[in-house]
Structure formats: structure tokens, C-alpha cells
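Breakdown of the fold
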Amino acid sequence: MSTTRTTLPPPTATRTEPERTGRSTAETVLRVREYSIGGALGLLILVTWLVNPSFLDDQGIKDLLLNSSILVLLVTGQSVVVLTRNIDLSVGSVVGLTAFACGSFVSGTDHGPLTLVLLGIVLGTACGLVSGALVSFGRVPALVVTLGMLYVIQGVDHAWAHGEQINAATVPDDILALGSGSVLGVPYLPLISAVVLAATGYFLRTYGSGRELYAIGSNPQAARLAGIPIRRRVLAAYAFSGAVAGFAGALWLARFGTVVADAANGWELTVVSAVVVGGVAITGGVGTVWGAALGALLLTTIGSALVVLKVSSFWEQAITGALLLAAISTDRVVRSRSTRALRKRRRQ
């Protein structure tokens, strides 16, 4: 009498354990990078303060917060897109367009900050939806779409401006107060950026649709098999990035008052650099908006410190480029080692 021996497949949890381990390793390394960025930021501030104590006086601290607030907003929106394994190179041009459009709309009127903010968000969201639709439903590479949008928006902005500029003298005082006012000594703009940053971080960590963005960036094929609506999530990510960029454009007008057609020109590269330096993997699926915000603070502080130390502004670009290369190289090494670890575990 013979017996048939049936071999049962290993449990699903056993099969996915190496993948979880590999991803946990990558997250741990990138989280350590966030701590190292915080340490580098603190060291940079300390050294600059020792050289020039006025760097951390009341006005110096306010300048640091104000200079970084708009960049923090932009990296918050960009991080959501990058987590899905995409990129948005049009954020700088969206800021310029919305700043000039909002300025044209409110100049010589009695419109208040609410109208300004709503107009900026609507215009920015429209730009984000166009990019998101082409990427998610048109399946055009994100780099091509957003680079094209960058030039299209810049062209529209310059054609609209005709070389003119928005002057602070024509902007309502209530709007200018939004950019220069403060509560308990803390300027409004950093507080607004902190609220948007905290709300986005909470959403990504707590809500299922936020965690799905990580799943899409980690493994799009597995996310599709799991039933995640990838196209809608990517579209929503771009819409959010556009909305935040439009909001930042409205705040740009409130902050500076005077706006020209090429406002925030070139900022898209600074935004991407801050996101990647802050630990959000350019390949998607790993990182936090908090790390990206630290990256933004670091890059902004480097620029301010070089001015205080009377060092050529060329070095700001050189340092930013070096940090970006180091961050991408770190991501590559982490991914490569995680992949080798996964393969080794699967063979065991």
C-alpha cells in the first residue's frame, strides 16, 4: 500500500519575509540619513554662528525660516510624486505662473488673502492634473511630460507678462501682511509650511490611500495585482503637487510683493535635490516628507551661511550638486545590497 505525500507550499508570509527584510533595511539606512542630515544642519548652523554670531539673532532666525518656507512647501508636494516613482519638473514654472496670475488679479483691488490662496491652488491644481493625466492615463514618461509642461508654462507666463512686472505698491496690504506678518514672533509663512508638512506626513502614514503611494513606488506590478488604482493615485499625487506649487506661488506674491514672469525659475532642480538629499528615494517607495523638509532646510541654510561667510555663491550650486550625487549613490548602493540580500535569502 503506497501513500501519496503532498508537499504544501510555504505560507505567503514566509515567501514575502525576505522582501520585507530588504525593504526594512533600505528604510533603516535612509532613516539614518535623515538623522545625519539633521546633524549636518545643526553643525552648519553652529559653525556659522561661531564665525558670525548675528547669524542666529532674531532677524537671522526669521530670515532662515522665511527663506525655507516656500521651498519646504514645494518639496512636500514633490515628495508625494517621487514616492510613486515619478517626478514633477514643472513646480518652479507653476510657482512663477500662479504668482504672476495672482498678482495680476489682485493688483489695484481690495481682494484678501483667501481669494489669493484659492486662486493659486486652483491654477496649480489645473497644471498638476494635466501632467498627471498624461503620465497616468497617457502613459507618457513623467520626465518628458513635466519637462514639456515646464517650457509650456514658462512660455505662457512670458507671453502674458510682456516684460512687465507686478509691483508691491499695487498689491493689497492684507496680502502683503500675510507674507511679512507673524504670531508670537514666528512669521506666518513657516507656520503655514509646517501645517501643510504635518498634514501630509500624517496622511501618508495613517491613511490607506497614503500608504498605497508607497506600495506603487516600491513595486508597481505588485500594487496592480493587489487592486490598487495606480492611475488614480498617480493623478492625485500630481494634482496635490500642483496645488501645493500654486499655493506656494500665491505665498510668493505675499512674501515679495514684486513679481516678474520668471519667478522661481530653476527652482525645480533645487526642489528635486532637496527631496533626494532628504532621503526620499528617486526610485520611489521609500522616504518621508519630514526628511525632504530637512533636505530643504539644509540647502537653504547652506545658501544663507555662504552669504554670511562671504563665500562665492558658486559653491552653493557645487555643494548642492555634490549632495545630490552622494544621495543618489547611497540610494543605488542600498537598493543593490537589498536586492542581493533578497536573492541570497530566496536561494536558502
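These numbers were taken from a predicted model, which means no experiment stands behind them.

**A look at the side chain of Thr146**
With respect to the secondary-structure elements, Thr146 resides in helix α5 (residues 142–161). We classify Thr146 as buried; its relative accessible area is 0%. Thr146 has contacts with Ile87, Asp88, Leu89, Ser90, Ser131 and Tyr238, leaving out every residue within four places of it along the chain.

**Quick notes on the packing of helix α7 (residues 188–206) against helix α10 (residues 230–256)**
In the contact formed by α7 and α10, the axes pass within 12 Å of each other and the chain directions differ by 170 degrees. Taken together, α7 and α10 sit at an angle that is classed as roughly antiparallel. Across the interface between the two elements, Leu189, Ile192, Val196 and Thr200 from α7 touch Phe240, Phe247, Leu251 and Arg255 from α10. Among the residues forming the contact of α7 with α10, the class breakdown is 6 nonpolar, 1 polar and 1 charged.

**A few points about the packing of aromatic side chains**
Throughout the structure, instances matching the rule amount to 5 aromatic pairs. Centre to centre, the rings of Trp252 and Trp267 are 5.3 Å apart; their planes meet at 75 degrees, and the pair counts as edge-to-face. Within this pair, whereas Trp252 is found in helix α10, its partner Trp267 is found in helix α11 (residues 267–277), the two being separated by 15 residues in sequence. With a relative accessible area of 23%, Trp267 lands in the partly exposed category. One aromatic cluster is present, built from ring pairs that chain together Tyr202, Phe203 and Tyr207.

**Quick notes on the nonpolar core**
If you look at the biggest cluster of nonpolar residues, it comprises 78 residues, and the most contacted ones within it are Leu74, Val75, Leu116, Trp252, Leu253 and Val259. Per-element tally for this core: the top contributor is α10, with 13 residues. Those residues in contact with Trp252 that lie beyond four places of it in its chain are Ile70, Val95, Ala99, Gly257, Val259, Ala263, Ala264 and Trp267.

**Topic: unusual backbone geometry**
Both trends apply: most residues other than glycine have a negative phi, and most peptide bonds are in trans. One non-glycine residue with positive phi stands out, namely Leu184, at about 55 degrees. Tracing the backbone through its elements, the reader meets Leu184 in the loop between β1 (182–183) and β2 (186–187). The class of Leu184 is exposed, set by a relative accessible area of 86%. Phi at Ala264 takes a positive value of approximately 60 degrees, unusual for a residue other than glycine. You can see Ala264 is positioned in the loop between α10 and α11.

**Examining helix α8 (residues 208–218)**
Residues Gly210, Leu213, Tyr214, Ile216 and Gly217 constitute the buried set of α8. Buried positions in α8, seen along its axis, are confined to an arc of 160 degrees and lie on one side of it.

**Section: the UniProt feature "transmembrane region" (unreviewed entry) in the protein chain**
Feature annotation in UniProt assigns "transmembrane region" (unreviewed entry) to the following positions: residues 35–52, 64–83, 89–107, 114–137, 186–204, 234–254 and 266–282. Secondary structure content for residues 266–282 is 65% helix and 0% strand, and the end C-alpha separation is 19 Å.

**Details of the confidence of the model for the protein chain**
Mean pLDDT over the protein chain: 85, with 86% of residues reaching 70 or higher. Considering each helix and strand of the protein chain separately, the mean pLDDT is smallest for helix α1 (residues 12–51), with a value of 68, and largest for helix α4 (residues 113–136), with 96. Confidence drops under pLDDT 50 across residues 1–16; counting only partners more than four residues distant or on other chains, this segment forms 2 contacts.

**Some thoughts on helix α12 (residues 289–308)**
For α12, which comprises 20 residues, the first-to-last C-alpha distance of 28 Å matches the rise-based estimate of 28 Å (1.5 Å per residue) to within 8%. The element α12 is extensively covered by neighbouring structure, given that 15 of its 20 residues are classed as buried. Phi turns positive one or two residues past the end of α12, at Lys310, with a value near 60 degrees.

**Digging into the packing of helix α2 (residues 58–83) against α7**
Put simply, α2 and α7 touch, their axes get as near as 8 Å, and they point 20 degrees apart. Taken together, the axes of α2 and α7 are roughly parallel relative to one another. Where α2 crosses over α7, the two elements pack in a sense that is left-handed. On the side of α2, the interface is formed by Leu65, Leu66, Ser69, Ile70, Val72, Leu73, Thr76, Val80 and Leu83, while α7 contributes Leu189, Pro190, Ser193, Val196, Leu197, Thr200 and Leu204.

Parameters at a glance
Residues numbered from 1 in each chain as written. Predicted model: local features only at pLDDT ≥ 70, side-chain atom pairs only at ≥ 80, totals over all residues. Heavy atoms only, no water. Helix = DSSP H or I, 4+ residues; strand = E, 2+ residues; numbered from the N terminus. Buried < 20%, exposed > 50% of the residue type's maximum accessible area, 1.4 Å probe, protein only. Contact = heavy atoms within 4.5 Å. Axes fitted to C-alpha atoms, helices over the stretch in contact; angles between N-to-C directions. Parallel < 35°, antiparallel > 145°, perpendicular 65-115°, else oblique. Nonpolar A, V, L, I, M, F, W, Y, C, P; charged D, E, K, R; others polar. Phe/Tyr/Trp six-rings, centres within 6.5 Å; stacked < 30°, edge-to-face > 60°. Core = buried A, V, L, I, M, F, W, Y, C linked by side-chain atoms within 4.5 Å. Arc of directions from axis to C-beta. UniProt positions renumbered as here; feature names shortened; annotations may be inferred. pLDDT = per-residue confidence, 0-100. Expected span 1.5 Å × (residues − 1). Left-handed = near helix turned anticlockwise from the far one by under 90°.

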